[in-house]
Amino acid sequence: MSTYRDLTHRGAARGTVLRTVGTRERRSHLTAPRVPTVGIDIGGTKVMAGVVDADGNILEKLRTETPDKSKSPKVVEDTIVELVLDLSDRHDVHAVGIGAAGWVDADRARVLFAPHLAWRNEPLRDALQGRLAVPVMVDNDANTAAWAEWRFGAGRGEDHLVMITLGTGIGGAILEDGQVKRGKYGVAGEFGHMQVVPGGHRCPCGNRGCWEQYSSGNALVREARELAAADSPVAYEIIERVKGNVSDITGPLITELAREGDAMCVELLQDIGQWLGVGIANLAAALDPSCFVIGGGVSAADDLLIGPARDAFRRHLTGRGYRPEARITRAQLGPEAGMVGAADLARLVARRFRRANRRRVERYERYERYAQALRNGTSGRAARTPEDPSS
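As the structure is a computational prediction, the values presented were derived from the model and not from experiment. (Residues numbered from 1 in each chain as written. Predicted model: local features only at pLDDT ≥ 70, side-chain atom pairs only at ≥ 80, totals over all residues. Heavy atoms only, no water.)

So, the packing of helix H5 (residues 217–229) against helix H8 (residues 263–287)
Here's step 1: Running from amino to carboxyl end, H5 crosses H8 at an angle of 140 degrees, the nearest separation of the two axes being 10 Å. In terms of orientation, H5 lies oblique with respect to H8. The two elements H5 and H8 cross, and the hand of that crossing is right-handed. In this structure, H5 contributes Ala 219, Leu 220, Glu 223, Ala 224 and Leu 227 to the contact, and H8 contributes Met 264, Leu 268, Leu 269 and Ile 272.
Here's step 2: Broken down by class, the residue content of the contact of H5 with H8 amounts to eight nonpolar, no polar and one charged. (Axes fitted to C-alpha atoms, helices over the stretch in contact; angles between N-to-C directions. Helix = DSSP H or I, 4+ residues; strand = E, 2+ residues; numbered from the N terminus. Parallel < 35°, antiparallel > 145°, perpendicular 65-115°, else oblique. Left-handed = near helix turned anticlockwise from the far one by under 90°. Contact = heavy atoms within 4.5 Å. Nonpolar A, V, L, I, M, F, W, Y, C, P; charged D, E, K, R; others polar.)

As for the nonpolar core
Here's step 1: Of all hydrophobic cores here, the largest spans 42 residues; its most connected members are Ile 164, Ile 238, Leu 276 and Phe 292.
Here's step 2: Among the secondary structure elements, those contributing two or more residues to this core are strand S9 (160–166), strand S10 (170–176), H5, helix H6 (236–241), helix H7 (251–259), H8, strand S12 (291–295) and helix H9 (303–316).
Here's step 3: The leading source of residues in this core is H8, at 10 residues.
Here's step 4: The contact partners of Leu 276, leaving out residues within four places of it in the chain, are Ile 164, Leu 166, Trp 211, Ser 215, Ile 294, Leu 305 and Ala 309.
Here's step 5: Ranked by size, the runner-up nonpolar core spans 29 residues in total, among them Val 51, Val 93, Val 104 and Val 111. (Core = buried A, V, L, I, M, F, W, Y, C linked by side-chain atoms within 4.5 Å. Buried < 20%, exposed > 50% of the residue type's maximum accessible area, 1.4 Å probe, protein only.)

Considerations on the packing of H8 against H9
Here's step 1: For the pair H8 and H9, interaxial distance at closest approach is 7 Å and the crossing angle is 45 degrees. The angle between H8 and H9 places the two elements in the oblique class. Regarding H8 and H9, the two cross each other, and that crossing is right-handed. Only Leu 304, Leu 305, Pro 308, Ala 309, Ala 312, Phe 313, Arg 315 and His 316 of H9 make contact with H8, whose side of the interface consists of Leu 269, Gln 270, Ile 272, Gly 273, Gln 274, Leu 276, Gly 277, Val 278, Ile 280, Ala 281 and Ala 284.
Here's step 2: For the contact of H8 with H9, a count of residues per class yields 13 nonpolar, five polar and one charged.

Looking at unusual backbone geometry
Here's step 1: Residue Asn 121 is not a glycine yet carries a positive backbone phi of 55 degrees.
Here's step 2: Within the element layout of this structure, Asn 121 appears in strand S7 (residues 120–122).
Here's step 3: Among the residues examined, Asn 121 registers a relative accessible area of 42% and is labelled partly exposed.
Here's step 4: Located in the positive-phi region is Lys 243, a residue other than glycine, with phi close to 55 degrees.

Following this line, the structure appears as structure tokens:
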């Protein structure tokens, strides 16, 4: 079994191939090689890596915490490399896909800006290619999650799909006719940083009133902690659950208490859902998709969140009552969607890499035959180099 450490001789071919990879995924997954690839999902709090087969099945998965964002980007890169090399010891993988929580340029090479990580114009693809001897593809994590849901999950069969990921912040992605719409500069789909409340809460991106400050995991936890810190009587249950340690309040805990019927936690999720529905109505006015897929960790609240979102969507939709309404559904692949999508998109790069390698091997074999003919004394015509029109 070959590993990353055994493949360093392929570096030149890899570099040539990656320069030829554009943004056209349309239907190309149908002819991609059915080989295992590694998907990496990098969020504000965790790094998840997994080996994924051509049918979207996860063969093995590893997870670790994201290194402190105050540290250099190389620390995060070291974590990625360690996870990939660990997996490569047990699996013969052919490419690596990175789903990064940030803005990725149109060439899918640099992370231009990551609100929750210390990445600013970071050449992530090249940095990892210098250490891993297989093709590397970098994309926004919401793009990779949307691709996974379109290929294997809740978005199958949809021609116009919008993905909204609710986690530490809000990510987004647009798919039309089997193609991720990245925009001219690669940063389309950053819905979380649309302003919904002028002069509102400060966002890590530097602006105020961003959508993710009102409908995300951070927003949910912030509201619960503020009520608990104020010793509000409606927060009695959650204060008791964390034994007075307000910093121990988390999104999963709020969801758990809401399922148990805690009135405050139910109301907080309704508030988050209301803001989610308002934003979805705005996106419907701009993009008119047939389906909105809601993913990310906060979507685990299911109808406690998505029910209020559907209600708010119907109330705020432009032309309501006189136009078709997009369906709003929860993602099916859960927190692994970004990882699965990154691996599947990397498979498209692996196909081009394999083609380049095959052409190199064919050229080598032709010239070996030519050299052998010369050594055997074959005469002129038979000894000529067999030219390949495609070479």
